[in-house]
Amino acid sequence: MSTATRPSFELRPSPSPMPDGERAARMENPGFGRVFTEHMVLMRYAEGRGWHDGVLQPYGPLSMDPASSVLHYGQAIFEGFKAYHQTGGGVATFRPFENARRFNASARRLAMPELPEELFVEAADLLVRQDRAWVPAEPGCSLYLRPLMIASEAALGVRPSQEYLFLLLASPAGAYFQGGVRPVTVWVTEDYVRAAPGGTGSAKCAGNYAASLLAQRQALERGCDQVVWLDALERRFVEEMGGMNIYFVFEEGGRTVLRTPQLTGTLLPGITRASLLELARDLGIDAGEFRLSVEEWGQALAEGRMTEAFACGTAAVITPIGTVKGRQGTWTVNGGETGPVATRLREALLQLQHGSAPDRHGWMHRVC
Ligand SMILES: *Cc1c(COP(=O)(O)O)cnc(C)c1O
């Protein structure tokens, strides 16, 4: 029998659902990525057989062969997006097909198989429906969805694995920053780079994160919250902040201008980044891409032309940058306070995601 036909997911939910009281206790102060729902989705891939054995089952540990190639050579990619309680009732995810497309772009870069977009979104819909009670209802809270794919063939030869495992986890997420949005202090690193031309910077792969941790630790040691990455070739042009894209606001002749570093191939093409470009234009803000060197950043601040800087991503939405430290010294942005453009865009995006503003671009995907 051909197994090339479209696989579906078998539903094997837990026979003993968690009591409401216990779930409520776990969801009380979930923070980020520490609490997981009762179920997960798994699917396997084998060369010649394709994707098969998709299943929704109780959340729990995996059993793996210690020779699984992901443990040795790191073929591992992931995604992150969220399901939101809707103001009018129900639950919806934000642009899940964009995450499916980016997952496949990452897969291609790491010589891994693609997963049909409909399967990616179907898996998320199934898990959200099953664990719907885990979607927090409080404003600013959401259910974070974490799809990943790892190389599961037990073989030490250095070549693409012939077997893979797709997994999908869900984690209730509180407001990312305890006590509200607070501008961060960033460290501009010239010692380390996140991504070089021809490398894996535009893929959401586990290795990029492993390679970033030392620079992040250096930032913490310097009293900063996050690291800012510069381009690998000249170490001049601003690329990203930690695992988030970055935006700058300028006042030019009484006009507000919003700019984000262009996608040169070494930046991760964030879905929040792309959405903010469009949302800002909806709000009548001149929004676009550019390149910004560290020198120009300092000049624009000194001349009062740059009024705000902020980072953006699914997990934390928008994070204002209050202080910039590096070899060049220390600069303050907007007196270290959250600026009006960051606040306005953050509100606009959250309202859209929670269904309390009209969905003009058709970005919300209704799940239940
Ligand atoms: C995931 C990620 C982002 C943000 O992408 P979103 O789709 O907006 O969540 C930005 N930079 C890096 C390095 C990332 O891994």
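Counting of residues starts from 1 at the beginning of each chain's written sequence and follows it residue by residue. Predicted model: local features are reported for residues with pLDDT of at least 70 only, side-chain atom pairs are reported and counted for 80 or more only, and whole-chain, interface and lining totals are derived from all residues. With hydrogens and water set aside, each side-chain value is computed from the structure's full complement of heavy atoms.

Q: Tell me about the overall build of the protein chain, and please be specific about residues and values.
A: In DSSP terms, a helix is any run of H or I states spanning at least four residues, a strand is any run of E spanning at least two, and both are numbered starting from the N terminus. Scanning the protein chain for helices and strands turns up eight helices and 18 strands. Over its C-alpha trace the protein chain gives a radius of gyration of 21 Å, about what one expects of a compact globule, namely 21 Å for 368 residues. Here the protein chain, with 368 residues, has 53% of them falling under the buried criterion. In the protein chain, the share of contacts with a sequence separation of at least 24, taken over all contacts with a separation of at least 6, comes to 72%. Accessible area of the protein chain: about 16300 Å², with a carbon and sulfur share of 51%. Measuring between centres, the 36 positive side-chain charges of the protein chain sit 0 Å from its 40 negative side-chain charges. When we talk radius of gyration, it's over C-alpha atoms, and the globule rule is simply 2.2 Å times the number of residues to the 0.38. The buried label applies to any residue whose accessible area, calculated with a 1.4 Å probe on protein chains only, is under 20% of its type's maximum; exposed applies above 50%, and partly exposed to all values in between. Here a residue-residue contact requires only that any non-hydrogen atoms of the pair lie within 4.5 Å. Reported accessibility uses the Shrake-Rupley method at a 1.4 Å probe radius. Residues are deemed covered only where the shown protein chains occlude them. Within this scheme the basic residues Lys and Arg register as positive and the acidic residues Asp and Glu register as negative, but His and the chain ends are omitted. For charged residues, the charge sits on one atom: NZ in Lys, CZ in Arg, CG in Asp, CD in Glu.

Q: Could you give an account of the nonpolar core, with specific residues and numbers?
A: Nonpolar side chains in soluble globular proteins tend to be buried together. As used in this record, nonpolar core signifies buried Ala, Val, Leu, Ile, Met, Phe, Trp, Tyr and Cys residues forming a set joined through side-chain atoms within 4.5 Å. Within the largest apolar cluster, 51 residues are counted, with the highest numbers of intra-cluster contacts made by Leu145 and Phe166. The set of elements that each furnish at least two residues to this core consists of β2 (39–46), β3 (50–58), β4 (76–78), β5 (81–85), α3 (96–109), α4 (117–130), β7 (142–151) and β8 (163–173). The contact partners of phenylalanine 166, leaving out residues within four places of it in the chain, are Val41, Leu42, Met43, Trp51, Phe103, Leu115, Phe120, Ala123, Pro147, Leu148 and Met149.

Q: Can you explain the pairing of β2? Please cite residues and give values.
A: Within β2, seven of the eight residues are buried, which leaves the element mostly enclosed by the surrounding structure. Any two strands are treated as partners once DSSP identifies two or more bridges connecting them. Relative to β3, β2 runs antiparallel, the two sharing seven bridges. Residue pairing across strands places histidine 39 opposite proline 58, the latter belonging to β3. The hairpin formed by β2 and β3 contains three residues between the paired strands, and glycine 48 there has a positive phi angle of roughly 90°. Summarising the sheet, β2 and β8 pair through six bridges and their orientation is antiparallel.

Q: How would you summarise α3 if you had to cite specific residues and measurements?
A: Multiplying 1.5 Å by the residue count of a helix minus one yields the expected span of that helix. Counted at 1.5 Å a residue, the expected span for α3 with its 14 residues is 20 Å, and the 20 Å between its end C-alpha atoms agrees. Within α3 the residues assigned to the buried category are Pro96, Asn99, Ala100, Arg102, Phe103, Asn104, Ser106 and Ala107. A positive phi of about 55° marks alanine 111, the residue just after α3.

Q: So what's going on with the site of the ligand? Which residues, and what values?
A: Residues are counted as near a molecule or strand when any one of their heavy atoms sits within 4 Å of it. Residues in close proximity to the ligand total 14 residues, the closest being Lys204, Tyr209, Glu240, Thr272 and Thr314. At 2.5 Å from a nitrogen atom of the ligand is found a side-chain nitrogen or oxygen belonging to glutamate 240. What qualifies as a polar contact is a pair of N or O atoms within 3.5 Å, subject to a donor-acceptor requirement within protein and to the restriction that residues adjacent in sequence count only when both atoms come from side chains. Between an oxygen atom of the ligand and a side-chain N or O atom of threonine 314, the distance comes to 2.6 Å. Compared with its free state, where it exposes 380 Å², the ligand has 96% of that area covered by protein. Only protein atoms enter the 1 Å grid, on which a cavity is a set of points fitting a 1.4 Å probe that cannot get out and a pocket is an open set with protein on both sides within 12 Å along at least 5 of 7 lines, lining residues being those with an atom within 4 Å of a point. Cavities and pockets are treated as containing a molecule whenever more than half of the molecule's atoms lie within 2 Å of their grid points. The site holding the ligand turns out to be the largest pocket. Residues are grouped as follows: Ala, Val, Leu, Ile, Met, Phe, Trp, Tyr, Cys and Pro are nonpolar; Asp, Glu, Lys and Arg are charged; all remaining types, including Gly, are polar. Classifying every residue of the shell around the ligand by side-chain character gives four nonpolar, six polar and four charged.

Q: Explain empty space enclosed by the protein residue by residue, including any values.
A: Grid points are joined across faces, edges and corners, and a volume is the space filled by probe spheres set on the points. Under the counting rule described, the total for this entry stands at two cavities of 30 Å³ or more. Every residue lining the largest cavity is counted, 13 residues in all, and those nearest its centre are Tyr84, Phe94, Thr272, Thr314 and Gln353. Counting residues per element, the ones that place at least two in the lining of the largest cavity are β5, α6 (271–282) and α8 (340–353). No other element matches β5, which puts three residues into the lining of the largest cavity.

Q: How would you explain the side chain of lysine 204 if you had to name every residue and give the values?
A: Along the chain, lysine 204 turns up in the loop between β9 (184–188) and α5 (206–221). The contact partners of lysine 204, leaving out residues within four places of it in the chain, are Ile77, Phe78, Glu79, Gly80, Arg102, Ser106, Tyr209 and Leu268.

Q: Break down the state of the cysteines for me, with residues and values.
A: Cysteine sulfur atoms that pair up within 2.5 Å are treated as a disulfide. One pass over the full model with this rule turns up zero disulfides. No disulfide involves cysteine 141; its sulfur sits 17 Å from that of cysteine 368, the nearest cysteine.

Q: Report on the packing of aromatic side chains, specifying residues and quantitative values.
A: Remark: the centre distance and the inter-plane angle together describe each pair of aromatic rings, the angle taken between the planes. Pairing of aromatic rings covers Phe, Tyr and Trp, the last counted by its six-membered ring, and requires centre-to-centre distances within 6.5 Å; plane angles under 30 degrees mean stacked, over 60 mean edge-to-face, and any other angle means tilted. Scanning the model with the defined rule gives 15 aromatic pairs in all. For the pair phenylalanine 36 and tyrosine 59, a centre-to-centre distance of 5.4 Å together with 10° between the ring planes defines the contact as stacked. In this pair, phenylalanine 36 sits in the loop between α1 (20–27) and β2 while tyrosine 59 sits in the loop between β3 and α2 (69–73), placing the two residues 23 residues apart along the sequence. Relative accessible area serves as the criterion here: at 36%, tyrosine 59 is assigned to the partly exposed category.

Q: Account for a nonpolar patch on the surface, naming residues and giving values.
A: Like charges are joined within 9 Å and nonpolar side chains (Val, Leu, Ile, Met, Phe, Trp, Tyr) within 5 Å, but only among residues with over 30% relative accessible area and no salt bridge; these make up the patches. Salt bridge, as applied in this entry: a Lys or Arg side-chain nitrogen positioned within 4 Å of an Asp or Glu carboxyl oxygen. On the surface, Leu62, Met64 and Leu71 cluster together to form a nonpolar patch covering roughly 250 Å² of accessible area. Structurally, methionine 64 is set in the loop between β3 and α2.

Q: Now, about the domain arrangement of the protein chain: what can you tell me, with residues and values included?
A: What fixes the domain bounds is an automatic or database domain assignment. Once the domains are mapped, the protein chain shows domain 1 (9–173) and domain 2 (184–353). Between the C-alpha centres of domain 1 and domain 2 the distance comes to 28 Å. Summed over both sides, the interface of domain 1 with domain 2 buries roughly 1700 Å², with 61% coming from carbon and sulfur. Buried area is calculated as the accessible area (1.4 Å probe) missing from two parts once they are joined, with the contributions of both summed. Together, Phe78, Phe94 and Arg102 form the three largest contributors to the area buried by domain 1 at its contact with domain 2, with a combined 36%. Inspection of the region where domain 1 meets domain 2 yields zero salt bridges. Summed over the shared surface of domain 1 and domain 2, the result is 11 residue pairs in polar contact (both at pLDDT 80 or more). Sorting the residues of the side of domain 1 that touches domain 2 by element identifies β4, β5 and α3 as the ones contributing at least two each. A per-element tally of the side of domain 1 that touches domain 2 places α3 first, with five residues. Taken together, the residues of the side of domain 1 that touches domain 2 sort by class into nine nonpolar, four polar and six charged.

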